[in-house]
Amino acid sequence: MDTCIPKEIIGSHFNQYYPSLSKFPQNYLQLFFRDVNIIERHLAYLCPMCLREGIICAPSFGLGMSSEFSLDHFPPESVGGFLKILVCKKCNNDAGGLFENSLKKKMESISFDNGIISSQQMAKAEILDQSGKKIIPGRYTTKITIGDDGTTEISLKPKSNDKIELLDKWIEQSKTDLNYKIELTVPIVDEIKVSKAFLKAAYLFCFHSWGYEFAYSPTGENIRKVLKGEIEYPCKTPTFWLRDSIEAENMKFTPLGLCYLQKPLDCRCFIVNMMLEEKGTGYKNIASVLVPNPTLTGWEDLKKIQEIIDSRIELMGISMAHVIDFTVQDRVFDGYSKSWEKLINDNS
Ligand SMILES: [Zn+2]
């Protein structure tokens with residue numbers, strides 16, 4: 001089958017993830033082979049998001065794909081994500097349309113709320129007189145911008161070439177008649193979508209390090225259910241924005257990607273730290289997402305950790321370190337369990 005993905009990229013995915021997938025023959029062989037008793041030598045990769053669509057290479061038929069694949073950025077490229085992984089096109093497009101676009105809006109809104117110079121916020125404006133009666137009908141798309149001196153500028157016609165007759169007439173009239181007020185309605189960012197976008201990115205960070213052991217674990221399965229809206233995640237995503245509790249310049253000392261949360265001791269779990277950027281203003285913040293441990297109580301444990309974090313006003317005494325010891329890159333295929341054992345044993 002023809003594919004627009006370079007062979008080297010498919011090859012590197014086989015190389016990195018197939019040994020991990022091969023530990024789960026009962027989960028994937030029947031997706032590719034009619035008779036699972038006659039299996040020829042092969043390499044395979046399954047979409048980490050749905051675990052149904054796949055790419056396979058075998059001597060008798062060459063390279064085959066059950067569906068189109070494309071490279072997916074995690075976190076999305078629009079907020080500064082740069083890591084990429086092959087995901088089937090359906091999963092890639094669904095996530096983009098259903099929730100990932102909300103992240104860009106969220107970053108714009110945080111940048112604006114923090115008063116970062118040249119932040120922009122779109123709104124709807126109504127033109128009223130002092131008694132609250134509409135002077136002209138309608139609600140107009142408006143852009144609010146934070147200027148160099150910190151003042152906000154409201155532009156009732158973000159596209160100045162647009163002809164909006166009533167509005168144009170009123171703008172002219174408003175230069176002499178000051179009996180008006182402008183009421184602005186700012187759209188609220190859908191936090192459920194934002195949280196799903198973060199969770200998907202965190203899931204892909206875990207898959208990137210631990211491969212299919214993570215994807216097939218109860219945690220992996222449950223996260224996919226959360227993304228489909230079937231169940232709820234046990235804690236907030238992101239659990240916190242790091243910049244809200246540390247100095248901006250200290251952000252560069254924070255380990256990014258999949259990490260151990262080592263301290264406080266009663267909060268031990270995995271944490272994915274993601275640096276996000278609002279590209280218009282350059283505003284950056286780190287969103288941290290907690291990931292459950294692989295034990296039977298992993299999911300419930302996160303609820304307790306969330307309570308502890310909420311009850312301590314200061315996020316002081318947090319200690320984090322990269323998960324680098326047991327990953328598929330190092331040919332370890334039970335890294336999710338091994339990393340957890342290490343975290344528990346190192347600190348007890
Ligand atoms: Zn998929």
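Residues numbered from 1 in each chain as written. Predicted model: local features only at pLDDT ≥ 70, side-chain atom pairs only at ≥ 80, totals over all residues. Heavy atoms only, no water.

Turning our eyes to something else, we now look at the pairing of strand β6 (residues 120–128). Across six bridges, the pairing between β6 and strand β7 (residues 140–146) is antiparallel. In the sheet register, Ala-125 faces β7, and the bridge partner there is Tyr-140. The sheet contact formed by β6 and strand β9 (residues 181–185) spans five bridges and is antiparallel. Counterpart to Glu-126 in the pairing with β9 is Glu-183. (Pairing = 2+ DSSP bridges. Helix = DSSP H or I, 4+ residues; strand = E, 2+ residues; numbered from the N terminus.)

This part is about helix α7 (residues 218–227). For α7, the full list of buried residues reads Thr-219, Gly-220, Ile-223, Arg-224, Val-226 and Leu-227. Buried residues in α7, looked at end-on, bunch into an arc of 155°, giving them a common side. Gly-229 lies just past α7 and shows a positive phi near 85°. (Buried < 20%, exposed > 50% of the residue type's maximum accessible area, 1.4 Å probe, protein only. Arc of directions from axis to C-beta.)

Time to look at the coordination of the zinc ion. Protein coordination at the zinc ion: the donors are Cys-47 (SG), Cys-50 (SG), Cys-88 (SG) and Cys-91 (SG), at 2.3 to 2.4 Å from the metal. Note that the zinc ion binds four donor atoms; their angles at the metal cover 101 to 116°, and the shape is tetrahedral. Here Cys-47 falls in the buried class, since its relative accessible area comes to 0%. Its relative accessible area of 23% is what places Cys-50 among the partly exposed residues. (Donors = N, O, S within 2.8 Å, 3.2 Å for Na, K, Ca; no water. Tetrahedral: all angles 85-135°; square planar, octahedral: opposite > 155°, others 65-115°.)

What follows covers the sheet that holds strand β12 (residues 269–278). Spatial strand order, β10-β13-β12-β11-β14: five strands in an open sheet with antiparallel pairing. The sheet terminates laterally at β10 (240–241) and β14 (319–322), the two strands that pair on one side only. Across the sheet, helix α8 (residues 298–311) touches β10, β12 and β13 (283–291), and the angle it forms with β13 is around 135°. (Contact = heavy atoms within 4.5 Å. Axes fitted to C-alpha atoms, helices over the stretch in contact; angles between N-to-C directions.)

Strand pairing in a sheet relies on backbone hydrogen bonds. The paired strands run either parallel or antiparallel. Spatial ordering of the open sheet is given by β1-β2-β3, a layout of three strands whose pairing is antiparallel. Every other strand in the sheet has two partners, leaving β1 (43–46) and β3 (62–65) as the edge strands with one partner each. When the angles between neighbouring strand axes are averaged without regard to direction, this sheet yields 10°. Bridge count for β1 against strand β2 (residues 54–58) is four bridges, and the pairing is antiparallel.

Our next topic: the domain arrangement of the protein. Under the domain assignment, the protein is made up of domain 1 (1–98), domain 2 (111–185) and domain 3 (190–348). Here the C-alpha centroids of domain 1 and domain 3 sit 24 Å apart. Taken together, the contact pairs 26 residues of domain 1 with 25 residues of domain 3. A buried area of about 2,400 Å², summed over both sides, lies between domain 1 and domain 3, and 68% of it is on carbon and sulfur atoms. Three residues, Met-49, Leu-51 and Phe-74, lead the burial of domain 1 against domain 3; their summed loss comes to 24% of the area buried on that side. Where domain 1 meets domain 3, there are one salt bridge. The closest approach of N and O atoms between Asp-72 and Lys-200, which form a salt bridge, is 2.5 Å. On inspection of domain 1 and its partner domain 3, the count reaches eight residue pairs in polar contact (both at pLDDT 80 or more). Counting residues per element, the ones that place at least two in the side of domain 1 that touches domain 3 are α1 (7–21), α2 (25–32), β1, β4 (69–74), β5 (83–88) and α3 (89–113). (Domains from an automatic or database assignment. Buried area = accessible area lost by both parts, 1.4 Å probe. Salt bridge = Lys/Arg side-chain N within 4 Å of Asp/Glu carboxyl O. Polar contact = N/O pair within 3.5 Å; in protein donor to acceptor, adjacent residues only side chain to side chain.)

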